[in-house]
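# A look at the structure
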Amino acid sequence: MPASVNVDDFTAAQTPDFEAMRHRVIDGTPYQPFFGRRNDLDEHLALLRREFVGQPEIKFAHAAMTVLLRRKIATETVYRHYRSLWAEHADLLLEILDSRWLVSACDTISDQSDDPEEARAAILLTLFVNTVKLFETERLMEGPVRQPAAPLGQRRQLHDGLSSFMVGVGDMIANLLHRLDRTLTHTRLVDRIGRQLVSRTLASDTVFSRFGRRQSCHTWPPHLPVAPIRPRPAPPARAQGQMPPPPPPQYVLLNDTARLGGGFHLGTLYACHSIRSHLAARGLQEAGWANDLAGLRALLAQGPTPPQLLVLNGEGTLHHCAPRARALLEACRFGQSLGMKVAVLNTVWEANDDAMAALLRLADVVHVRDSRSLAALPPDFPARVTPDASIPIFREVARSGSFPAAVQAVAVMDNVVPEAAAALLRFAEAGALPYFAMPGGGAGPDPAGRFRPLRPGLAAAAADHRSDGGAGLGDGAVSRHDRRALRGAAGLCAPVEYRKDRGSAGRFRADGGMSAGR
């Protein structure tokens, strides 16, 4: 997205392309938090946009429409787009928006909803979170955190007939959460937002969690039950305009991992965004994307002739002769049969048989993303090593970004290997550490809620979402457009510079591969 923000994107009658924004990453000066208001709308949005650098563009779209609604700009149109955004992408927004922006969503619904009951529920959720915010603010104003005080031995009078909560034995919080769980549905938007807000308040360092650690009876769970955020069916691939033989040359991206399952994974989003950005910078135009042979056939059927290039984003897919890995290589062979050149980029290669290697050898360009993958190929295989395509974005954001202070000293992440995931979960439980279960992870959530994810939807989703996880230009005549397309794909694979003083996560070998373990 350009540095200057086009307000017309959100005020025009046509609904913005939120699906495309879901899969784009905002580039620019790394993260800077922005609060307050600028009178000049363009300046305000430009500053706000910097807060979302390195993140999906759809997060900024949500924030930008919030600003327009607060300023009463094209209110009817913008709110219609705002509800369309939530209707189509609630699965993602409930995961990636923090409590600040979820409260903002409640404020927006309270201001704009035509449903009085929905508006009332939204403002009560804002009241709940902001009351906790006020209490925690006063606590910070009191100076350095002192040793926890002993619970009151007896009830003390508060204002207007209220009495103090009996920490350790009182049942008020447990009863409150029971009523919230009974009242907040799993289907209505404001209730789904409410469950996230309450759960995050319970799981964070707030009065709820501090009192919860002292309870000897009438205990409460560290989050409300959250319905699994089921992966949203990916919309059908659509051509990006007409597909006659260019200029400019066109390509199809195969294995757009950011769209697999409809879930959210920052690494795959960065990888796909990086591949697209570098190909565009080299003059190649995307004709569309596909994640299997059927999708590729459907996409190619929309144009009179196929694009010049098929780019397979291998990522972590091509290993152990997995059925999906073989199917993707077969899709490459199909594209080649139609005259398309094939570039396999950003891929691992592990424990595959000779038949798989023979399919890979048909590609015109092969770049693996680590030295071990290169060593796993046959000795004479014409492949090159280029580190993971997501690294340049991660590196730039981590190198010069400014980030909020960590709210937890240690967090534990899931693993796709079940044995490793189980060991990580035991480690988290033993240390009372937050555990993040990812879609497709090995452990998944425990139905009894044995661990405390800071983002409960991640844990709930894991139970329902399981997924399997240059050389010469080839023989024969190569046209001018074919050469340009292949050079664009290979040019994407420029070695990533390693500088020790910039804190890279691993040490790059001279050949560009990672010498550190995976």
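Residues numbered from 1 in each chain as written. Predicted model: local features only at pLDDT ≥ 70, side-chain atom pairs only at ≥ 80, totals over all residues. Heavy atoms only, no water.

Time to look at the overall build of the protein chain. Along its length, the protein chain carries 19 helices and 8 strands. Within the span of the protein chain, comprising 518 residues, buried residues form 47% of the whole. A total accessible area of about 25300 Å² is found for the protein chain, and carbon and sulfur atoms account for 56% of it. (Helix = DSSP H or I, 4+ residues; strand = E, 2+ residues; numbered from the N terminus. Buried < 20%, exposed > 50% of the residue type's maximum accessible area, 1.4 Å probe, protein only. Areas by Shrake-Rupley, 256 points an atom, 1.4 Å probe, with all protein chains shown as cover.)

It is worth spelling out the sheet that holds strand 5 (residues 365-368) at this point. Taken in spatial order, the 6 strands make up an open sheet running 2-1-3-4-5-6, and their pairing is parallel. Each edge of the sheet is formed by a strand with only one pairing partner; in this case those strands are strand 2 (285-290) and strand 6 (384-385). Sheet topology note: the strand 1 (residues 250-254)/strand 2 ladder contains 5 bridges and is parallel. Its bridge partner being in strand 2, Q250 is matched across the sheet by Q285. Sitting on the sheet, helix 12 (residues 293-300) touches strand 1, strand 2 and strand 3 (309-315), and the angle it makes with strand 2 is about 140 degrees. (Pairing = 2+ DSSP bridges. Contact = heavy atoms within 4.5 Å. Axes fitted to C-alpha atoms, helices over the stretch in contact; angles between N-to-C directions.)

Moving on, we get to the nonpolar core. Counting 61 residues, the largest nonpolar core has L48, W86, L177 and I193 as the members making the most contacts within it. Considering every element that reaches this core, the biggest residue donor is helix 5 (residues 75-96), with 10 residues. When near neighbours in sequence (up to four residues on either side) are disregarded, I193 contacts W86, L94, L102, A105, C106 and I109. (Core = buried A, V, L, I, M, F, W, Y, C linked by side-chain atoms within 4.5 Å.)

Bringing the packing of helix 6 (residues 99-112) against helix 9 (residues 189-203) into the picture now. Axis separation between helix 6 and helix 9 bottoms out at 10 Å; the angle between their running directions is 145 degrees. Two packed elements cross with a definite hand, and for helix 6 against helix 9 that hand is left-handed. Seen from helix 6, the contacting residues are S99, L102, V103, A105, C106 and I109; seen from helix 9, they are L189, I193, Q196, L197 and R200. (Left-handed = near helix turned anticlockwise from the far one by under 90°.)

One non-glycine residue with positive phi stands out, namely N255, at about 70 degrees. Here N255 lies in the loop between strand 1 and helix 11 (266-281). Relative accessible area serves as the criterion here: at 0%, N255 is assigned to the buried category. Its identity is not glycine, yet H320 carries a phi of approximately 50 degrees, on the positive side. By the element assignment, H320 lies in the loop between strand 3 and helix 13 (323-337). Assessed through its relative accessible area of 49%, H320 is described here as partly exposed.

Take the side chain of T317 next. Relative to the helices and strands, T317 is located in the loop between strand 3 and helix 13. The class for T317 is buried, based on a relative accessible area of 7%.

This part covers the packing of helix 4 (residues 57-70) against helix 5. Where helix 4 meets helix 5, the closest approach of the two axes is 10 Å, and the angle between their N-to-C directions is 145 degrees. Like other packed secondary-structure pairs, helix 4 and helix 5 cross with a definite hand, here left-handed. Contact residues: helix 4 offers I58, K59, H62, M65, T66, L68 and L69, while helix 5 offers T75, V78, Y79, H81, Y82, L85, W86, H89, L92 and I96. The residue makeup of the contact of helix 4 with helix 5, split by class, is 11 nonpolar, 5 polar and 1 charged. (Nonpolar A, V, L, I, M, F, W, Y, C, P; charged D, E, K, R; others polar.)

In terms of burial, strand 1 is largely enclosed, as 5 of its 5 residues are buried. The alternating pattern of strand 1 places Q250, V252 and L254 and Y251 and L253 on opposite faces, both of which are buried. As paired strands, strand 1 and strand 3 are joined by 4 bridges and run parallel to one another. Paired with L254 across the strands is L312, a residue of strand 3.

On inspection of all chains with the given rule, the structure shows 6 aromatic pairs. Aromatic side chains Y79 and Y82 sit 6.1 Å apart centroid to centroid with 20 degrees between the ring planes, which places their arrangement in the stacked category. Remark: Y82 and Y79 occur in helix 5; sequence separation between them is 3 residues, near one turn of the helix. Aromatic rings pair up to connect F52, F60 and W101 into one cluster. Its guanidinium or amino end placed over the ring of F334, R297 lies 4.2 Å from that ring's centre, counting from NZ or CZ. (Phe/Tyr/Trp six-rings, centres within 6.5 Å; stacked < 30°, edge-to-face > 60°. Lys NZ or Arg CZ within 6 Å of the ring centre and 35° of its normal.)

One can find H44 in helix 3 (residues 41-50). Note on H44: relative accessible area 7%, which makes it buried. Excluding its chain neighbours within four sequence positions, the residues that come into contact with H44 are F34, G36, R37, R38, V67 and R71.

Here we come to the pattern of salt bridges. Pairs may arise between side chains of opposite charge once their charged atoms sit close together. Applying the stated criterion across every chain yields a total of 20 salt bridges. A salt bridge links R195 to D181; its shortest N-O distance comes to 2.9 Å. In this pair, R195 is assigned in helix 9 and D181 in helix 8 (residues 172-183), connecting sequence segments 14 residues apart. Here R195 falls in the buried class, since its relative accessible area comes to 3%. Put simply, K341 and D364 hold a salt bridge, and the shortest N to O gap is 3.9 Å. Of this pair, K341 sits in strand 4 (residues 341-347) while D364 sits in the loop between helix 14 (354-361) and strand 5, placing them 23 residues apart in sequence. Of the two residues examined, K341 and D364, each falls in the buried class. (Salt bridge = Lys/Arg side-chain N within 4 Å of Asp/Glu carboxyl O.)

It is worth spelling out helix 5 at this point. Its 22 residues place the ends of helix 5 only 25 Å apart at the C-alpha level, less than the 32 Å of an ideal helix rising 1.5 Å per residue. Of all bends in helix 5, the biggest is about 90 degrees, found at H89. (Expected span 1.5 Å × (residues − 1). Bend = angle between axes of the 7 residues up to and from the residue.)

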